[in-house]
Amino acid sequence: MSIFNISDNIEVKNKGFIDKDEILKYISEEDIFELIFGFKPVEYDRVISPFREDTRPGCWFHIGFSGKLLFCDYNSQLIDNGQKAIHIDCFSAVQHYYKLESLYDSLKFIKRHLIDGKNLPTIERKIIERAVRKETLIFLDVRPFINPDKIFWQKFQITSQNLIDDKVFAVHRFKVTSTKNGDWICNPRDVCYAYTEFKDSKKKIYRPYQKGKHRFITNCTSNDIGGLHNIDYSCSQLIVTKSYKDYRVLVNQGKNAIWFQNEVTIPSIEILIPILSHFKEVIIFFDNDDTGVRESLIISEIINSHIPNLARPLYLSIRYLAENITDPSDLIYKKGEIILNQFLNENI
C-alpha cells in the first residue's frame, strides 16, 4: 500500500472525457509517480521496485526518446499487451500499482487525487518542454551490465557496484537532439556507457572502442564536475583528475578525488574555489603527455592565484609514455595495483 493510504472511494463530479494531455496541463509526471513512491523521481537514481518483492535498489527513472519520464525495471513482472513491461510511464504505473482495470481508470484516479478541488494553475507540459528546448539533449536506452562490460571495466579493477554507485549506465542506444547536424540516433556496435551524475539531465557518453570522432559525446559544460557525490570534505587533500576512469581508480585506492570533463577545460572559478577551499592540498593529476603536463601546470597556477600554495601538478613518469601509459587507469591495467600504489605512496 502506498504511504498515502489512498482510497478510490471519491465521488466523480466531472464525468467529461479526460486524457494524458489534459492531466499534464496541471501536474507533472513526477507528481504522478509520487503517488506510488512517496517522493518525486530523480533521473537515474537507483530505487526499489514497488511492483514486486525487491530489496536491492536496481531500478531507475529516465527520460525516454519520446520525452516521457519512464520507470525502468529489467526484472519486471508486469505484463502489458502480452509483453513484459520493462519501461512504463506514470499512467501505466498508477494502473498497475493500484490494480485499476484500464488506463482510463488510471487517468480518473490521478485526476481525483491530484487535481480535483485544488484550483491548480496550468503548467508547461514537460513532455513538450523537453522536446522543443533548443539546447542539445541526450536520451538513453540503457541496459543491464553483461559480460563484455565486466571484461572492459575489470581491467581497471572497477566493479559493477562502483558503476552503480557513480550513476554509470550501460547504453543500448542513444539519441542526441538539437545538434549542428540535427537530431540523430546511434546504436553502438560495441560497449557504450553514460555518465549521468550531473545536474539538469546532463550526460556524457563514452564509447571505449570508438576511434576518433564520437568517442565522447556530451552536453556537459566545463562546470559539470564529476565525483562531487562522493567527495569527502573532512579530508585534507583532494586530487583532481580528467576522466571518470582515473577518478574511480583513485577512489578505489582510498583517495579523495573529483574529475573534470577533460584536461583543457576548467570550471569557472566561482564554482571551483568554494569546493577546493575546504582542503589543505589540491593535486592536479593529469596525463604525462605534453598536453597533460602543460594544463596541470596552468590549472595549478590559476588555483594558486586565488589560494596561494594550495595546488600542485602531478603526473606519471615520462618514461611510461613509451609503454603507452599516461594515467592511473593505464598504470593499474598494465602494471598492476602494487605499482600504482607505490607511485601514489611516493607522491601523494
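It should be noted that the structure appears before, not after, this text.
Residues numbered from 1 in each chain as written. Predicted model: local features only at pLDDT ≥ 70, side-chain atom pairs only at ≥ 80, totals over all residues. Heavy atoms only, no water.

Draft legend 1. Structural view of the side chain of Lys255. Considering the arrangement of structural elements, one finds Lys255 in the loop between α8 (244-252) and β13 (257-259). The buried charged residue Lys255 lacks any salt bridge partner; its closest oppositely charged side chain belongs to Glu281, at an N-O distance of 9.6 Å. Setting aside its immediate chain neighbours within four residues, Lys255 contacts Ile239, Leu250, Leu344 and Ile348. (Helix = DSSP H or I, 4+ residues; strand = E, 2+ residues; numbered from the N terminus. Buried < 20%, exposed > 50% of the residue type's maximum accessible area, 1.4 Å probe, protein only. Lys, Arg positive; Asp, Glu negative; His and termini not counted. Salt bridge = Lys/Arg side-chain N within 4 Å of Asp/Glu carboxyl O. Contact = heavy atoms within 4.5 Å.)

Draft legend 2. Region of interest: the nonpolar core. Of all hydrophobic cores here, the largest spans 34 residues; its most connected members are Ile32, Phe71 and Ile110. Those elements giving two or more residues to this core turn out to be α2 (29-37), β1 (60-63), β2 (69-72), α3 (90-97), α4 (103-114) and β6 (137-143). With residues near it in sequence (within four places) discarded, Ile32 still touches Ile23, Leu24, Ile27, Cys90, Phe91, Val94, Ile110 and Leu114. (Core = buried A, V, L, I, M, F, W, Y, C linked by side-chain atoms within 4.5 Å.)

Draft legend 3. How the structure looks around the side chain of Ser329. Relative to the elements of secondary structure, Ser329 occurs in helix α11 (residues 328-334). In terms of polar contacts, Ser329 uses its side chain to reach the side chain of Asp246, at 2.9 Å. Leave out the neighbours within four places in its chain, and Ser329 touches Phe156, Lys245, Asp246 and Val249. (Polar contact = N/O pair within 3.5 Å; in protein donor to acceptor, adjacent residues only side chain to side chain.)

Draft legend 4. The arrangement of α8 in detail. Most of α8 sits out of view: eight of its nine residues are buried. Turning to α8, its buried residues are Tyr244, Lys245, Asp246, Tyr247, Arg248, Val249, Leu250 and Val251. Phi for Gly254, located one or two positions after α8, is positive at around 85°.

Draft legend 5. Broad picture of the environment of Glu323. Within the secondary structure, Glu323 sits in the loop between β15 (311-314) and α11. Residue classification places Glu323 among the partly exposed positions, given a relative accessible area of 36%. Considered as a pair, Glu323 and Pro148 are 175 residues apart in the sequence and their alpha carbons are 25 Å apart. Filtering out sequence-adjacent residues up to four positions away, Glu323 remains in contact with Lys334 and Lys335.

Draft legend 6. Structural view of the packing of helix α9 (residues 269-276) against helix α10 (residues 290-306). α10 packs onto α9 with a crossing angle of 75° between their chain directions and a minimal axis gap of 11 Å. Here α9 is positioned roughly perpendicular relative to α10, judged by the angle of their axes. The segment α9 lies against α10, with Ile269, Leu272, Ile273 and Leu276 engaging Ile302, Ile303 and His306. Class assignment of the residues belonging to the contact of α9 with α10 gives a composition of six nonpolar, one polar and no charged. (Axes fitted to C-alpha atoms, helices over the stretch in contact; angles between N-to-C directions. Parallel < 35°, antiparallel > 145°, perpendicular 65-115°, else oblique. Nonpolar A, V, L, I, M, F, W, Y, C, P; charged D, E, K, R; others polar.)

Draft legend 7. Fine view of the sheet that holds strand β14 (residues 281-285). Across the sheet, four strands lie side by side as β13-β12-β14-β15; this open sheet has parallel pairing. This sheet does not close on itself; its edge strands, each paired only once, are β13 and β15. Pairs of neighbouring strands in the sheet enclose a mean axial angle of 25°, with direction left out of account. Sheet topology places β14 next to β15; four bridges connect them, and they run parallel. Looking at β15, one finds that Ile284 is bridged to Pro313. Lying on the sheet, α8 is in contact with β12 (237-241), β13 and β14; it crosses β13 at an angle near 175°. (Pairing = 2+ DSSP bridges.)

Draft legend 8. Fine view of the environment of Glu295. Within the element layout of this structure, Glu295 appears in helix α10. Since its relative accessible area comes to 11%, Glu295 is described here as buried. Setting aside chain neighbours within four positions, we find Glu295 in contact with Glu263, Val264 and Phe286. Within the local environment of Glu295, its side chain forms a polar contact with the side chain of Arg294, the two groups lying 3.2 Å apart.

Draft legend 9. Spotlight on the sheet that holds β2. Taken together, three strands build an open sheet; the order of strands is β1-β2-β5 and the sheet is antiparallel. This sheet does not close on itself; its edge strands, each paired only once, are β1 and β5 (87-89). Each strand of the sheet is rotated relative to its neighbour by a mean of 35°, with strand direction disregarded. Sheet analysis places β2 next to β5, joined by three bridges and oriented antiparallel. Across the sheet, residue Cys72 finds its bridge partner in β5, namely His87.

Draft legend 10. Inspection of the pattern of salt bridges at higher detail. Counted by the stated rule, this structure contains 20 salt bridges. As a salt-bridge pair, Asp224 and Lys202 come within 3.7 Å of each other at their nearest N and O atoms. Pair noted here: Asp224 is in the loop between β11 (216-218) and β12 and Lys202 is in the loop between β9 (193-195) and β10 (204-206), with a separation of 22 residues, a long-range link. The shortest N-O distance in the salt bridge between Arg294 and Glu295 comes to 3.2 Å. Residue Arg294 is classed as partly exposed on the basis of its relative accessible area of 41%. One continuous salt-bridge network, built from bridges that share partners, spans Lys242, Asp246, Asp287 and Asp327.

Draft legend 11. Inspection of α3 at higher detail. Counting buried residues in α3 gives eight out of eight residues, a clear majority hidden from the surface. Turning to α3, its buried residues number three or more, namely Cys90, Phe91, Ser92, Ala93, Val94, Gln95, His96 and Tyr97. Elements that come into contact with the buried residues of α3 comprise α1 (20-23), α2, β2, β3 (79-80), β5 and α4. Backbone nitrogen of Phe91 and a side-chain oxygen of the N-cap are separated by 3.2 Å at the start of α3; the cap is Asp89. One or two steps after α3, the chain reaches Lys99, where phi turns positive at roughly 55°.

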